[in-house]
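Tertiary structure, described
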Amino acid sequence: MFGLARKLSTKGVLGINARNCNYILRHNPRRLYPLVDDKLATKRLAIAAGLPVPDLYGVIASHRDVRELPKLVAGHRDFVIKPAHGSGGDGILVVSARVRDGSAYRLVDGTIMDGDDIGHHLSNIISGQYSLGGHRDVALIEYCVKFDPIFSECAYRGIPDIRVIVFRGYPVMAMLRLPTRKSHGKANLHQGAVGAGLDLATGETTCAVIGNSGITEHPDTGALIAGRQIPRWPYLLDFAARCHELTGLGYIGVDIVLDRDKGPMLLELNVRPGLNIQIANRCGLRDRLKIIEAQPDGVGVAERVAFSMGSLLQPATAAH
Amino acid sequence: MKAYKVWVLALALFLVGGALFVYKWQGLGYPLLPEEETRIWTVEATLKFDAGPAPVPAKVTLYVPALTPGFAILDENFVSRGFGFTTRYVSGGRQVQWAVRRIKGEQTLYYRATIYKDPLQAENDSTPPFPAPPRLREPDSLAMQQLVGQIQSQSADPASFTVELLKRLANPGTDQNVLMLLGSQAGTTSRALTAITVLAAAQIPARLLRGVYLTDRERQARMLPWLEVHDGERWIYFDPATGAQGLPENFLVWWRGSEPLYTRDGGGDTEVQFSVQRNEVDPVLVAERRAVAWQSRIADFSMFSLPIQTQAVYGILLMIPLGALLVVFLRNIVGIKTFGTFMPVLVALAFRETQVVAGVILFSLVVVLGLLFRFFMEHLRLLLVPRLAAVLIIVVLLMVLISIVGHQLGLDMGLSVGLFPMVILTMTIERMSIVWEERGPTEAIQQGLGSLLVAALCFSVMDIEVLKHLFFVFPELLLWLLAITLLLGRYSGYRLLELLRFKTLADPAP
């Protein structure tokens, strides 16, 4: 057992305790949490900073407003409902189409929900069922991303997204998250989505995992996952790196979606990004974080991205 | 910097807690183990006399223990119907005086003391002045001088002088000097008194003391004489019968000097009897008394100063920090997931009544049935708070049902379900159903079992008698728990279950 711990330690694998103790507690001041825990606040910040985000169709803030949903989404074929204070993708509904003359909604995984079902879900969000600490919450109704066709053969319904860990403004590790049948179209790894490691230098997918086990093909579509190029990679990293200035948080997970028409958009920020990204990349985070810790303050976005794309953070050098 | 502060704080807490703990344990004698018992003796002196047929005033004095090397008095009482009593210190120790204006017929007065062994109770008597040389008539005076001279030539110090003297007094043989001094009386007491006279002639302070052996049970304990000799620095003891030095173990000094044990105005038939009875008591009682006797503030801040009912509550509450520490360990070091941070501790408290097996069965039963109901309610589309209330009502109904059905079937374990924390169960059901929907049944069941496992472990630890006793008697040990918790709070190593999660990363890439 200690042998295993030592092996993991030499590989630079970051554990939850070390993440919380050395990075989150140290680099993420508590007072900044509301900026990211409230997705509405994040959205406003991003708009103010000129970062593209999915359009907000409306906010449902009270049980009375629930009736307003059809009005809010009139004219939109598909949309997403998410709790403003949700975590880990809980409580998110992705509606792909209206059925039965618009009286019912089809979700991205094929489930049909009628108006009452959706209304109940909205009430639950407002009551705080999905919010941290059970506080009252609001439901955001927003644009449903049309995913880039480059993912069409390796994503089962749902919308794939890119998670970038940004430490002190430097992208340190990234992965592509692909929804599966099991994850009900959601892109969260603990819900069963595929995580594919990304080469920071090139933006190419390397290896992939479901849960903790490595895979080479998407379980539902059978498409090979490795070797896929993410378009506009340097721009994406630049996008992610800017989120540091956006919030002032030192250690964040930036979730970016690639829209077919509108390009990369900021989906959400996470102050406690998960550690499975290490499994997806077959690489520990700690050594990379150590390298970044040694960097001076006040470096511009472009230099930071260039540094991250340089060889210093590559597995070949970072693993030893 | 911060890490160093935590270590310093933890060390400080550890030392403060430890110092208090050691002082109470070693100094005051608070017991470390629950089953430890302290030996105590109840010594009773019964004084009987007949005041005669006509009412007369009566005044009786009786020596009671005062300076008792090796023993301490835990408690004492004077039982005397109709008499007023006072105690006072006199030359021979302490005396109780019973007095009454008019009394007739047979009277019985009691003095009862509870004694415990206390090695710290030493002789703290003052150094006596040199005794006045005895005034003797010839030829006793000459015999005395010769005897003292002989013994002095054969001894080096007061102790060896006394030993030699007692040897000669015990076996006078044909020594005319000794025979003359002893006279016609041959008892041990008179021999001791003779020894004191000779010692006085040799300028050695000495006195007679009387005491009883503390045996297991003795209805007619005898007061035995003992010789106390001051060697210039401290008192040393000799058995006047054998000359053996030292005070025997279990020998309780009652009074000193040659005065009689009791006096009674008007004289008449008076009888005193001593009885000894050994008992075992809770050592905490003795420690508390000792703390009071030492005027230590510890006893004022002891759990035992609280009312019994409050004590019972704290007996349980003081174990909660231990459960919390275990939760910290199981979550941050092992990595077990549970519903609600301290929910397992509260469930563990409920297990106290049900015991662990029945507790786990009942808990699972209520949660499973509650979950079924919760899934059914999902179709009713209730708002969150009314839904929680509905689940709570169902939980209470389920508990009633389990109790009634269990009782009908003759299973008494069903009755103890009533002590389960209902609100906690309700929240568990709600959160489990959400996890079930959002993350799938595997995760929900895993977390449910994790919670149960942690609760069972918490209960097993919180139910250890020794620990219960320790935390109740030494609440300062909570500072140790705090210190450990602070240190665990800085643990940034891997969690045990994380090792499994990241196992693939340890192997070389395929």
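Just so we're clear, the structure is a prediction, and the values are computed from it rather than from any experiment.

The rules behind each value
- The written sequence of each chain sets the order in which its residues are numbered from 1.
- Think of it this way: whatever chain is written first is A, whatever ligand is written first is 1, and the rest follow in order.
- For this predicted model, a pLDDT threshold of at least 70 governs which residues receive local features, and a threshold of 80 or more governs which side-chain atom pairs are given and counted, while totals over whole chains, interfaces and linings are taken from all residues.
- The side-chain figures draw on all heavy atoms in the structure; neither hydrogens nor water molecules are used.
- Starting at the N terminus, helices and strands are each numbered in turn, a helix being any DSSP run of H or I of at least four residues and a strand any DSSP run of E of at least two.
- Values of the radius of gyration come from C-alpha atoms, whereas the globule rule sets the reference at 2.2 Å times the count of residues to the power 0.38.
- In this scheme, a residue with accessible area under 20% of its type's maximum is buried, one over 50% is exposed, and one in between is partly exposed, where area comes from a 1.4 Å probe on protein chains only.
- Note on contacts: a residue pair qualifies if any of its non-hydrogen atoms lie within 4.5 Å across the two residues.
- Computed by Shrake-Rupley with a 1.4 Å probe, the accessible areas treat only the displayed protein chains as cover when residues are assessed.
- For any pair of parts, buried area is found by adding up, for both, the accessible area (1.4 Å probe) each one loses once the two are put together.
- A side-chain nitrogen of Lys or Arg and a carboxyl oxygen of Asp or Glu constitute a salt bridge if their distance falls within 4 Å.
- By the criterion applied in these results, polar contacts are pairs of N or O atoms within 3.5 Å in which, for protein atoms, one can donate a hydrogen and the other can accept it, and in which residues neighboring in sequence qualify only through two side-chain atoms.
- Pairing of aromatic side chains here covers Phe, Tyr and the six-membered ring of Trp, requires ring centres within 6.5 Å, and sorts the geometry by plane angle: under 30 degrees stacked, over 60 edge-to-face, intermediate tilted.
- Here, a charge over a ring is recorded when the distance from Lys NZ or Arg CZ to the ring centre is within 6 Å and its angle to the ring normal is within 35 degrees.
- Strand pairing requires that DSSP identify at least two bridges connecting the strands.
- All axes are obtained by fitting lines to C-alpha atoms, using only the stretch in contact for helices, and the reported angles, taken between N-to-C directions, cover 0 to 180 degrees.
- Buriedness of a pocket was judged along seven lines, with at least five required to meet protein on both sides within 12 Å; pockets are open sets of points on a 1 Å grid over the protein atoms alone, cavities are sets where a 1.4 Å probe fits but cannot get out, and lining residues have an atom within 4 Å of a point.
- Grid points are joined across faces, edges and corners, and a volume is the space filled by probe spheres set on the points.
- Asp, Glu, Lys and Arg are counted as charged, while Ala, Val, Leu, Ile, Met, Phe, Trp, Tyr, Cys and Pro are counted as nonpolar; the rest, among them Gly, fall into the polar class.
- In this scheme, patches are assembled from residues that exceed 30% relative accessible area and form no salt bridge. Like charges are connected within 9 Å, while nonpolar side chains (Val, Leu, Ile, Met, Phe, Trp, Tyr) are connected within 5 Å.
- When charges are tallied, Lys and Arg are placed among the positive residues and Asp and Glu among the negative ones, while His and the ends of the chain are skipped.
- Positions of charges follow a simple convention, taking NZ of Lys, CZ of Arg, CG of Asp or CD of Glu.

**Quick look at the overall build of chain B**
A tally of regular secondary structure across chain B gives 17 helices and 13 strands. For 510 residues, the compact-globule estimate of 2.2 N^0.38 gives 24 Å, and the C-alpha radius of gyration of chain B, at 36 Å, exceeds that figure by more than 25%. If you line up chain B on its principal axes, its C-alpha atoms span 120 × 70 × 35 Å. Each of the 510 residues in chain B was classed as buried or not, and the buried ones make up 45%. Counted over contacts in chain B with a minimum sequence separation of 6, partners at least 24 positions apart contribute 76%. When the accessible area of chain B is evaluated, it comes to approximately 26100 Å², of which 61% is carbon and sulfur surface.

**A short note on the interface of chain A and chain B**
The interface is formed by 44 residues belonging to chain A together with 30 residues belonging to chain B. Where chain A abuts chain B, roughly 3200 Å² becomes buried across the two surfaces, and 55% of that area is made up of carbon and sulfur atoms. Inspection of the chain A/chain B interface yields zero salt bridges. Where chain A touches chain B, the interface holds eleven residue pairs in polar contact (both at pLDDT 80 or more).

**A closer look at the packing of aromatic side chains**
Within a pair of aromatic rings, the relevant descriptors are the distance that separates the centres and the angle that separates the planes. Considering all chains together, one arrives at 24 aromatic pairs over all chains under this definition. Here the aromatic rings of Phe21 of chain B and Trp25 of chain B are separated by 5.8 Å at their centres, their planes lie at 25 degrees, and the arrangement is stacked. One end of the pair is Phe21 of chain B and the other is Trp25 of chain B, both in helix H1 (residues 2–27) and four residues apart, which spans about a single turn. Note on Trp25 of chain B: relative accessible area 31%, which makes it partly exposed. An aromatic cluster is defined as three or more aromatic residues linked by ring pairs; in this entry it consists of Phe14, Phe21, Trp25, Tyr30, Phe474 and Trp480 of chain B. For the cation-ring pair, Arg232 of chain A lies above Tyr235 of chain A, with the distance from its terminal atom to the ring centre recorded as 4.5 Å. Above the face of the Trp235 of chain B ring, Arg207 of chain B is positioned so that its terminal group lies 4.0 Å from the ring centre.

**Points about the sheet that holds strand S4 (residues 104–107) of chain A**
Strand pairing in a sheet relies on backbone hydrogen bonds. The paired strands run either parallel or antiparallel. Residues and elements named next belong to chain A. One open sheet holds the six strands; their spatial order is S1-S6-S2-S3-S4-S5, and the pairing between them is antiparallel. Strand pairing shows two members of the sheet lacking a second neighbour, strand S1 (56–60) and strand S5 (112–114), which therefore form its edges. Between one strand axis and the next, the sheet turns through 30 degrees on average, direction left out of account. Across three bridges, the pairing between S4 and S5 is antiparallel. Opposite Arg106, over in S5, you have Ile112 as the bridge partner. Where helix H6 (residues 115–127) meets the sheet, its contacts fall on S1, strand S2 (79–83), strand S3 (93–99), S4, S5 and strand S6 (139–143), and the angle it forms with S5 comes to roughly 80 degrees.

**A word on the side chain of Ser451 of chain B**
Along the chain, Ser451 of chain B falls in helix H13 (residues 441–462). Ignoring anything within four residues of it in the chain, the contact list for Ser451 of chain B reads Lys337, Thr338, Phe339, Met343 and Pro344 of chain B.

**Observations regarding helix H4 (residues 39–48) of chain A**
Residue and element names in this part refer to chain A. When we look at burial in H4, the residues that qualify are Lys39, Leu40, Ala41, Thr42, Lys43 and Ala46. Taken together, the buried residues of H4 touch helix H3 (33–37), S1, S2, S6, helix H7 (233–247) and strand S13 (263–270). Gly50 occupies a position one or two residues after H4 and carries a positive phi of about 80 degrees.

**Considering unusual backbone geometry**
Here the phi dihedral of Arg232 of chain A falls at roughly 55 degrees; this positive angle occurs in a residue that is not glycine. The topology assignment puts Arg232 of chain A in the loop between strand S11 (213–215) and H7. Backbone geometry places Gln203 of chain B, a non-glycine residue, at a positive phi of 65 degrees. Structurally, Gln203 of chain B can be placed in the loop between helix H5 (188–201) and strand S7 (206–213).

**Structural notes on the sheet that holds strand S11 (residues 251–256) of chain B**
Residue and element names in this part refer to chain B. With respect to topology, four strands assemble into an open sheet ordered S10-S9-S7-S11, the strand pairing being antiparallel. Looking along the sheet, the strands with just one partner apiece sit at the ends: strand S10 (235–238) and S11. Between one strand and the next, the sheet's axes are offset by a mean angle of 40 degrees, whatever the strand orientation. Note: strand S9 (residues 224–230) against S10, four bridges, orientation antiparallel. By the bridge assignment, His230 is partnered in S10 with Trp235. Along the sheet face, H5 touches S7 and S9 and points at about 155 degrees away from the line of S7.

**Let's talk about the pairing of strand S9 (residues 194–198) of chain A**
Across a regular strand the side chains alternate sides, sitting on one face of the sheet and then on the other. Residue and element names in this part refer to chain A. For S9, the buried fraction is high: five of the five residues fall into the buried class. The alternating pattern of S9 places Val194, Ala196 and Leu198 on one face and Gly195 and Gly197 on the opposite face, and all of these are buried. Pairing geometry for strand S8 (residues 170–178) and S9, over four bridges, is antiparallel. Bridging across to S9, Leu178 finds its partner in Val194. Pairing between S9 and strand S10 (residues 205–210): four bridges, direction antiparallel. Bridge pairing links Gly195 to Val209 in S10.

**Quick word on empty space enclosed by the protein**
Residue and element names in this part refer to chain A. Under the defined criterion, the tally for this structure stands at one cavity of 30 Å³ or more. The volume enclosed by the largest cavity comes to roughly 70 Å³. If you trace the largest cavity, you find it lined by Lys39, Thr42, Lys43, Val53, Lys82, Leu140, Glu142, Leu266, Leu267 and Glu268. Put simply, the parts of the chain that give the lining of the largest cavity at least two residues each are H4, S6 and S13. Of the residues belonging to the lining of the largest cavity, the class tally is four nonpolar, one polar and five charged.

**Quick look at a nonpolar patch on the surface**
Residue and element names in this part refer to chain B. A grouping of Val357, Ile361, Leu401, Val405, Leu409, Leu411 and Met413 is seen on the molecular surface, where their side chains present a nonpolar patch of about 650 Å² in accessible area. Every element with two or more residues in the nonpolar patch is listed here: helix H10 (356–377) and helix H11 (384–408). Here Leu401 falls in the exposed class, since its relative accessible area comes to 52%.

**Digging into the pattern of salt bridges**
Scanning the entire structure with this criterion turns up 30 salt bridges over all chains. Of the charged contacts in the structure, one is a salt bridge between Glu68 of chain A and Lys71 of chain A, with a shortest N-O distance of 3.2 Å. We note a salt bridge from Glu430 of chain B to Arg387 of chain B, for which the minimum N-O separation is 2.9 Å. Placement of the pair is Glu430 of chain B in helix H12 (residues 422–439) and Arg387 of chain B in helix H11, with a sequence separation of 43 residues. Just as Glu430 of chain B is buried, Arg387 of chain B falls in that class too.

**Overview of a negative patch on the surface**
A surface patch of negative charge is lined by Asp50, Glu106, Asp269 and Glu271 of chain B. Mapped onto the fold, Glu271 of chain B is located in strand S13 (residues 270–281).

Functional significance is not addressed by these values, which are geometric in nature.
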